[in-house]
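Survey of secondary and tertiary structure
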Amino acid sequence: MRTSPPRPSRPSRPSRSVLAAVALGVSLTACSAQAASGPGPSKTGAPASAASPAKVTVVDPAAGRPVSVTASGGTLATVKVADAEGGVLTGRTGAGGTSWTSDRKAVPGTSYTVEVTSLTADGKEATTRSSFATPEPKEVNKLTLAPGKNTTVGVGHPLSIVFDLPVTRKADVERQLKVTTSNATEGSWGWVKDYSGRDRADWRPREYWKPGTKVTLEADLDGTDSGGGWFVRDYKTGFTVGAAQVVKVDLDRQKLTLERDGRAVRTIPVSGGTPGGDKRSWRGTAVLMAKEGTINMNSETVGLGDAYDKMVDHSMRLTWSGMYAHAAPWNAAYFGKANKSSGCIGMSDGNAASFYAQVNVGDPFEITGRDTKGTVAEGNGYGAWNLSWAQWKAKSALA
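Treat the numbers as computed from the prediction; the structure is a model and nothing was measured.

1. Quick look at the sheet that holds strand β7 (residues 111–120)
Taken together, the 4 strands give an open sheet; going across it, the order is β4-β3-β7-β8, and neighbouring strands pair in antiparallel fashion. In this open sheet, the two strands that pair with only one neighbour each are β4 (88–89) and β8 (125–133). In terms of strand pairing, strand β3 (residues 74–83) meets β4 through 2 bridges, oriented antiparallel. Bridging from a neighbouring strand, A82 pairs with V88 of β4.

Right, dumping it as structure tokens:
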């Protein structure tokens, strides 16, 4: 049986990173200026000292580009760019001390102050200050991360990002996504279309994760244009990989085997999807997405008319399209003998309860069978494991 998918909640918003584009007469200029929605307001900063050797001017502040500062007739001693919340932009001074470039990009809809201390050739110091604001973005893109922060998951769970708005500049976004693992795991981003229809990027290891691996994502997206909207914050999350468990489902023999560390620890008689029509099960590798417990399953939500509408215990979601493993006592006569479900993998109440307690979100289910309705797609849950490593790497925007 199947039901419509819930979606995970979005993480809370931290304070915004600071970025800007300015020009200085000591000279401060925006690199490749490109505003989020048109030019923003600017002010000419008055010298802090009458002995100031240069006039400070703010011109064409732009979102999505780094700050560039240059000095003529002297060198740059310090450059400080800060937003209204007190966040400070870092940057690098070029050879000779006559240029400075920010590490990050300007953020749309943000007010900044700029303070520059310069030195003349004869060693005189002067400080100039100015302020400006970048235009508000027309659209703000947000995202949802999985797995959840500080969770422990099975060896098959990818790092997955679903975007609220379209991402047409995938390479620009992917460059801002940094994955770090505790054991130098080889992996790659791949772009897929989520079952919801939204753009999604998953980071999948070449092979199943090693137990105990710690994974961290730093998504430095603040000030990045996705093509469908601007990001106005950074994201960070991390998780740990748990036990090496794999669930093997043989639909031809109507049995499920739980393996831990490569050894079978239990086998359960099951009944899969009814052959010959829309009630068939999917095959391939599906990843346990959520342990949902007792839920209502309604056949109308998955296009099967009024075939069923009931509360189902020990429900374990395998796809967004509604394939589960769960307790199905009404099919007791078929466990281990025939496939007579509406697409799910059913088992007895007792087996479902103990199996539910043993498996973890992220455990891969490797499903085989002759009469199925196809292979689990990459965006229908976490189907990336159904692609070869070469096929998956080709889905990176930077491939």
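Back to the text.
2. Description of the pairing of β8
Relative to β8, β7 is paired through 9 bridges, and the arrangement is antiparallel. Each bridged residue has a counterpart across the sheet, and for L119 the counterpart in β8 is E125.

3. Some remarks on the pattern of salt bridges
Pairing between side chains of opposite charge can happen when the charged atoms of each approach one another. Following the criterion strictly, the structure yields 18 salt bridges and no others. A salt bridge links D202 to R200; the shortest N-O distance between them is 2.7 Å. R200 carries the same exposure label as D202, and that label is buried. R253 is paired through a salt bridge with D250; the nearest N and O atoms lie 3.8 Å apart. Look at the salt bridges and you will find they share partners, linking R169, D172, R175 and D225 into a network.

4. Remarks on the confidence of the model for the protein chain
Overall, the predicted model of the protein chain reaches an average pLDDT of 85, with 82% of residues at or above 70. Note that pLDDT drops below 50 for residues 54–60; the model gives that stretch 30 contacts with residues more than four away or on any other chain.

5. What about the sheet that holds strand β21 (residues 290–298)?
Note: strands within a sheet are paired through backbone hydrogen bonds, in either parallel or antiparallel orientation. Judged by pairing direction, the sheet is mixed, and its 4 strands sit side by side in the order β21-β22-β23-β24 without closing on themselves. The sheet is open, and its two borders are formed by β21 and β24 (345–347), each paired with just one other strand. For this sheet, the mean angle separating the axes of adjacent strands, direction not counted, is 35°. As defined by bridge partners, strand β23 (residues 324–327) adjoins β24 across 3 bridges and the pair is classed as parallel. Bridge pairing in β24 links A327 to M347. Contacts from helix α2 (residues 349–358) reach β21, β22 (309–317), β23 and β24, with the element oriented near 40° to β22.

How each quantity is defined
Residues numbered from 1 in each chain as written. Predicted model: local features only at pLDDT ≥ 70, side-chain atom pairs only at ≥ 80, totals over all residues. Heavy atoms only, no water. Pairing = 2+ DSSP bridges. Helix = DSSP H or I, 4+ residues; strand = E, 2+ residues; numbered from the N terminus. Salt bridge = Lys/Arg side-chain N within 4 Å of Asp/Glu carboxyl O. Buried < 20%, exposed > 50% of the residue type's maximum accessible area, 1.4 Å probe, protein only. pLDDT = per-residue confidence, 0-100. Contact = heavy atoms within 4.5 Å. Axes fitted to C-alpha atoms, helices over the stretch in contact; angles between N-to-C directions.

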